[in-house]
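# Results of the structural survey
What follows is the residue order along each chain.
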Amino acid sequence: GAQDTAFRVYVRPLDTSVLVTFVDETSLEQAGQMRRDFVANVSHELKTPLTALIGFIETLKGPAKNDEGARDRFLSIMETEASRMNRLVSDLLSLSRVEAEERVRPTTPVDLTGLVKSTIHSLSTLAEDADVQILSDLPDEPAIIAGDEDQLRQVLVNLIENAIKYSGAGTTVTVSVGPVSYETRLKGDGIRLSVKDSGAGIDPVHLPRLTERFYRVDSHRSREKGGTGLGLAIVKHIVNRHRGRIRIESARGAGTEVTILLPV
Ligand code: ADP
């Protein structure tokens, strides 16, 4: 009688009795529902820019055919919409790749200190354009874990880009790396990687759902900033693959800190 549960019932007559078997298919049913939701979300996310593109193409072929000013304006909107679709498809590919690899443990030694430095360097233009300063708090020596360098770079890029995107001009983002005593099934030492911003922050009610695909606190703001709603979902899968943990702390108006704990 419980809600949101799915059972399959098998009835088999025996000689003097009946065998009734209940198979709990709740998680199977939930997985199916999640897949249907995901397909609906992807279709919607792709259809919105496509509809805009088709609308502008029709206007350019018809009413705005000889209007040069309108043509330039429309073309630049079309470029924005096409770039949005491009980013969405790239993120979908990343997500499907990291999900497929999630069970394969990464084994290459990666120096997180060096990785943070080179990632900050590669994002310096983005930060300058947004007038956000990126600071770092790093150990002098390398911080080595067994990992997948490209994926760990992607984690850093997604977190730093979010910190820049959701903070105002004149603010600071701090990326830090440090040792931490790490407790999981395998107790031991780990490395803490954190990205802290002094932006608008997130209302705590949203925190548990932020790593879900397409979950956004403010859809309009995310879209306006070029977000796909997949960044933190990708981060979560990569962190899982590294047997790490992710913690997001934030309060409205007080900035956000995302901390990732990775076992050495
Ligand atoms: P998006 O592409 O929308 O940024 P993400 O999965 O990266 O998608 O993030 C999900 C949502 O979490 C964002 O839409 C935003 O509402 C919120 N968010 C993520 N990082 C931050 C941050 N540093 N400050 C404020 N809000 C954030």
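The structure presented is a predicted model; accordingly, all values stated were derived computationally and were not measured. Throughout this description, residue numbers start from 1 for each chain and increase along the sequence as written. Per-residue local features are limited, in this predicted model, to residues with pLDDT of at least 70; the limit for side-chain atom pairs, both in listing and counting, is 80 or more; totals at the level of whole chains, interfaces and linings are taken over all residues. The side-chain figures draw on all heavy atoms in the structure; neither hydrogens nor water molecules are used.

## Topic: helix α5 (residues 149–165)
Comment: elements are numbered from the N terminus, with helices defined as DSSP H or I runs of at least four residues and strands as E runs of at least two. To estimate how far a helix should extend, the number of its residues minus one is multiplied by 1.5 Å. For α5, which comprises 17 residues, the first-to-last C-alpha distance of 24 Å matches the rise-based estimate of 24 Å (1.5 Å per residue) to within 8%. Exposure classes here rest on a 1.4 Å probe applied to the protein chains alone. A residue is buried below 20% of its type maximum, exposed above 50%, and partly exposed in between. Of all 17 residues that make up α5, twelve are buried, and the element is covered over most of its length. If you check which residues of α5 are buried, you get Gln151, Leu152, Val155, Leu156, Val157, Asn158, Leu159, Ile160, Asn162, Ala163, Ile164 and Lys165. The backbone nitrogen of aspartate 150 has a side-chain oxygen 3.2 Å away, supplied by the residue at the start of α5, namely aspartate 148. In the analysis that follows, any N or O atom pair within 3.5 Å is treated as a polar contact, provided that within protein one partner can donate a hydrogen and the other can accept it, and provided that, for residues neighboring in sequence, both atoms belong to side chains.

## With respect to the layout of surface pockets
One number sums up the size of the largest pocket: a volume of about 910 Å³. Whether a set of points on the 1 Å grid over the protein atoms alone is a cavity depends on a 1.4 Å probe fitting there but being unable to get out, while an open set qualifies as a pocket with protein on both sides within 12 Å along at least five of seven lines; lining residues are those with an atom within 4 Å of a point. Lining the largest pocket are 41 residues, with Asn162, Lys165, Tyr166, Ser222 and Leu232 positioned closest to its centre. Elements supplying a minimum of two residues to the lining of the largest pocket: α2 (68–101), α5, β7 (188–197), α6 (219–224), α7 (231–241) and β9 (256–263). The element contributing the most residues to the lining of the largest pocket is α5, with eight residues. Grid points are joined across faces, edges and corners, and a volume is the space filled by probe spheres set on the points.

## Some words on the nonpolar core
Side-chain atoms within 4.5 Å link the members of a nonpolar core, which is a set of buried Ala, Val, Leu, Ile, Met, Phe, Trp, Tyr and Cys residues. One finds Leu112, Val116, Leu159, Ile160, Val175 and Ile260 to be the most contacted residues of the largest nonpolar core, which totals 47 residues. Where this core is concerned, the elements lending two or more residues are α1 (26–61), α2, α3 (112–122), α5, β6 (172–182), β7, α7 and β9. Among the elements that take part in this core, α5 stands out by supplying seven residues, more than any other. Should any heavy atoms of two residues lie within 4.5 Å, those residues are considered in contact. Apart from residues lying up to four places away in sequence, valine 175 is in contact with Val116, Ile120, Ile134, Leu135, Ser136, Asp137, Leu138, Leu156, Ile160, Ser194 and Val195. Leu60, Ala64, Ala70 and Met85 belong to the second-largest nonpolar core, a separate cluster that totals seven residues.

## A closer look at the packing of aromatic side chains
Stacked, edge-to-face and tilted labels apply to pairs of Phe, Tyr and Trp rings (six-membered ring for Trp) whose centres lie within 6.5 Å, assigned for plane angles under 30 degrees, over 60, and everything in between, in that order. Counted according to the given criterion, the structure contains two aromatic pairs. Look at phenylalanine 56 and phenylalanine 74: their rings are 5.0 Å apart centre to centre, the planes differ by 50 degrees, and that puts the pair in the tilted class. In this pair, phenylalanine 56 sits in helix α1 while phenylalanine 74 sits in helix α2, placing the two residues 18 residues apart along the sequence. Looking at phenylalanine 74, the relative accessible area reads 13%, which means it is buried. Cation over ring: arginine 213 sits above phenylalanine 38, and NZ or CZ is 4.2 Å from the ring centre. The criterion is that NZ of a Lys, or CZ of an Arg, lies within 6 Å of the ring centre and within 35 degrees of the ring normal, and then a charge sits over that ring.

Geometric values such as these leave the question of function open.
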